[in-house]
Amino acid sequence: MYKVLIVDDEPFIREGIAQLPWNSLNIKVTATAANGMEAYDYLKDNKIDLLLTDVKMPFMDGIELIRHLKDESRDIICIVLSGYDDFEYVRLCLQNNVFDYLLKPLDIDDWEFTFKKAVNLLKERDNNSDIDIGEHSKKHIIDPALEYMQQHFCEQITLSDVANHIYINPTYLSRIIKQETGMGFTELITKMRIEAAKRMLRDPSYKINEISEKIGYVNPRSFTSIFKKYTGYTPYSFRSEQK
């Protein structure tokens, strides 16, 4: 079984999380700690596969603990649990290759989905020792997010829709999308729509209004304006250029 260490300065939360059905995920809680320093001392003599840590704690916070593990090249999947949906915490987590960012109170479905993903990554690591856990963690988030966006960009989807689908914090997902693609969520959805519009404009059987509706723009004027902004052409002139 894979080993997890739970770190939280609130005893009720710490022990409550330890009582979750970890065995069903092939995970064993090997220890709990009240702060980062206590956890770091434990890790000097013990090996774990997974770390679930709170952010704000006395003596040593969760981010500092993760930094120490990163500096020592410890091959541990780190998951942060926080009561704050805070941009600065998310930024620090991304800088330190945190696998996921869960919010308190912990939702059981989010917990299960996140740790299932983590276990799958550990299985891949076991089969391929060259896997970089940090970079692969982002891949396990960005790939399903982009797949869902490609399947649903023609709908009025939001960042929260995508985040809920893959059980991840929306703020954390937003930062990963920006980091991995160089674009924000709205810009990326727009690009997907424009690329789809280009493909359909090359097919004369599609009317302009029909294309607008198919890619998610109810108002054809909005479609024309956005298409021109991104391509330099109106849909009509773009179609003429393809002849």
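Small disclaimer: the values here were computed from a predicted structure and weren't measured.

Once that is clear, we can look at helix α3 (residues 62-71). Within α3 the residues assigned to the buried category are Gly62, Ile63, Leu65, Ile66 and Leu69. The buried residues of α3 occupy an angular sector of 160° when the element is viewed end-on, so they sit on one face. In this structure Asp61 caps α3, since a side-chain oxygen of it lies 3.1 Å from the backbone nitrogen of Ile63. At the exit of α3 stands Ser73, carrying a positive phi of roughly 55°.

Bringing the packing of aromatic side chains into the picture now. Tallied over the full model, the rule gives nine aromatic pairs. When the centroid spacing of 6.1 Å and the interplanar angle of 25° are considered together, the rings of Tyr101 and Tyr172 count as stacked. Placement of Tyr101 in strand β5 (residues 100-103) and of Tyr172 in helix α8 (residues 170-181) is noted, with a sequence separation of 71 residues between them. Accessibility classification places Tyr101 together with Tyr172 in one group, the buried group. A ring pair is formed by Phe227 and Phe238, whose centres lie 5.5 Å apart and whose planes are at 80°; its orientation type is edge-to-face. Of this pair, Phe227 sits in helix α11 (residues 220-231) while Phe238 is found in helix α12 (residues 235-241), placing the two residues eleven residues apart along the sequence. For Phe227, a relative accessible area of 0% puts it in the buried group.

What follows deals with the pairing of strand β1 (residues 2-7). Most of β1 is tucked away, with five of its six residues classed as buried. Of the strand pairs in this sheet, β1 and strand β2 (residues 27-33) are connected by six bridges, and their pairing is parallel. Looking at β2, one finds that Tyr2 is bridged to Ile27. In this fold, the crossover linking β1 to β2 by way of helix α1 (residues 11-18) has right-handed handedness. Inspection of the sheet shows β1 paired to strand β3 (residues 50-54) by four bridges, in the parallel sense. Among the inter-strand pairings, Val7 is bridged to a residue of β3, identified as Thr53.

In spatial order, the strands read β2-β1-β3-β4-β5; together these five strands make up an open sheet with parallel pairing. For this open sheet the edge positions go to β2 and β5, each flanked by a neighbour on one side alone. Pairwise comparison of adjacent strand axes, ignoring direction, gives a mean angle of 20° for this sheet. Relative to β3, α3 is tilted by about 150°, and along the sheet it contacts β1, β3 and β4 (77-82).

If you trace the backbone, Asp100 turns up in strand β5. Asp100 sits in the buried class, given a relative accessible area of 0%. A polar side-chain atom of Asp100 sits 3.1 Å from a polar atom in the side chain of Thr114. Ignoring anything within four residues of it in the chain, the contact list for Asp100 reads Cys78, Ile79, Val80, Thr114, Lys117, Tyr167, Ile168, Asn169 and Tyr172.

Okay, the pattern of salt bridges next. It is possible for side chains of opposite charge to pair when their charged atoms get near one another. The final tally for this structure, using the stated rule, is 14 salt bridges. The residue Asp41 makes a salt bridge to Lys44 at a minimum N-O spacing of 3.3 Å. The exposure class of Asp41 is partly exposed, given its relative accessible area of 38%. Of the charged contacts, one joins Asp49 and Arg125 as a salt bridge, the two residues approaching to 3.3 Å between their closest N and O atoms. Of this pair, Asp49 sits in the loop between α2 (36-43) and β3 while Arg125 sits in helix α5 (residues 108-127), and the two are 76 residues apart along the sequence. What makes Asp49 buried here is its relative accessible area of 9%.

Turning next to the packing of helix α9 (residues 185-201) against α11. Axis separation between α9 and α11 bottoms out at 10 Å; the angle between their running directions is 95°. Taken together, α9 and α11 sit at an angle that is classed as roughly perpendicular. Counted together, Glu187, Thr190, Ile194, Ala197, Lys198 and Leu201 of α9 and Phe223, Ile226, Phe227, Tyr230 and Thr231 of α11 form the full contact between these two elements. Here the contact of α9 with α11 is built from residues that sort into seven nonpolar, two polar and two charged.

How each quantity is defined
- Going along each chain's sequence as written, the residues are numbered from 1 onward.
- Only residues with pLDDT of at least 70 get local features here, since the model is predicted, and only at 80 or more are side-chain atom pairs given and counted; chain-wide, interface and lining totals rely on the full set of residues.
- Hydrogens and water are ignored here; the side-chain numbers use all heavy atoms of the structure.
- The buried label applies to any residue whose accessible area, calculated with a 1.4 Å probe on protein chains only, is under 20% of its type's maximum; exposed applies above 50%, and partly exposed to all values in between.
- In this text, helices come from DSSP runs of H or I with a minimum length of four residues, and strands from runs of E with a minimum of two, each type numbered from the N-terminal end.
- Note that the arc is defined by the directions from the helix axis to the C-beta atoms.
- Definition of a polar contact: a pair of N or O atoms within 3.5 Å, with one able to donate and the other able to accept a hydrogen when the atoms are protein atoms, and with sequence-neighbouring residues admitted only if both atoms are side-chain atoms.
- For Phe, Tyr and Trp, where Trp contributes only its six-membered ring, two rings pair if their centres lie within 6.5 Å, and the inter-plane angle classes them as stacked under 30 degrees, edge-to-face over 60, or tilted in between.
- Each pair of strands is called paired provided DSSP finds at least two bridges between the two strands.
- Seen with its strands pointing away from the viewer, a crossover is right-handed if its path from the first strand over the helix to the second goes clockwise.
- Interaxial angle, 0 to 180 degrees, is taken between N-to-C directions of lines fitted to C-alpha atoms, where a helix line uses only the stretch in contact.
- It only takes one pair of heavy atoms within 4.5 Å for two residues to be counted as in contact.
- Throughout this description, the term salt bridge denotes a Lys or Arg side-chain nitrogen within 4 Å of a carboxyl oxygen of Asp or Glu.
- Note on angle classes: values under 35 degrees are labelled roughly parallel, values over 145 roughly antiparallel, values of 65 to 115 roughly perpendicular, and the remainder oblique.
- Under this grouping Gly is polar, as are all residues other than the nonpolar Ala, Val, Leu, Ile, Met, Phe, Trp, Tyr, Cys and Pro and the charged Asp, Glu, Lys and Arg.

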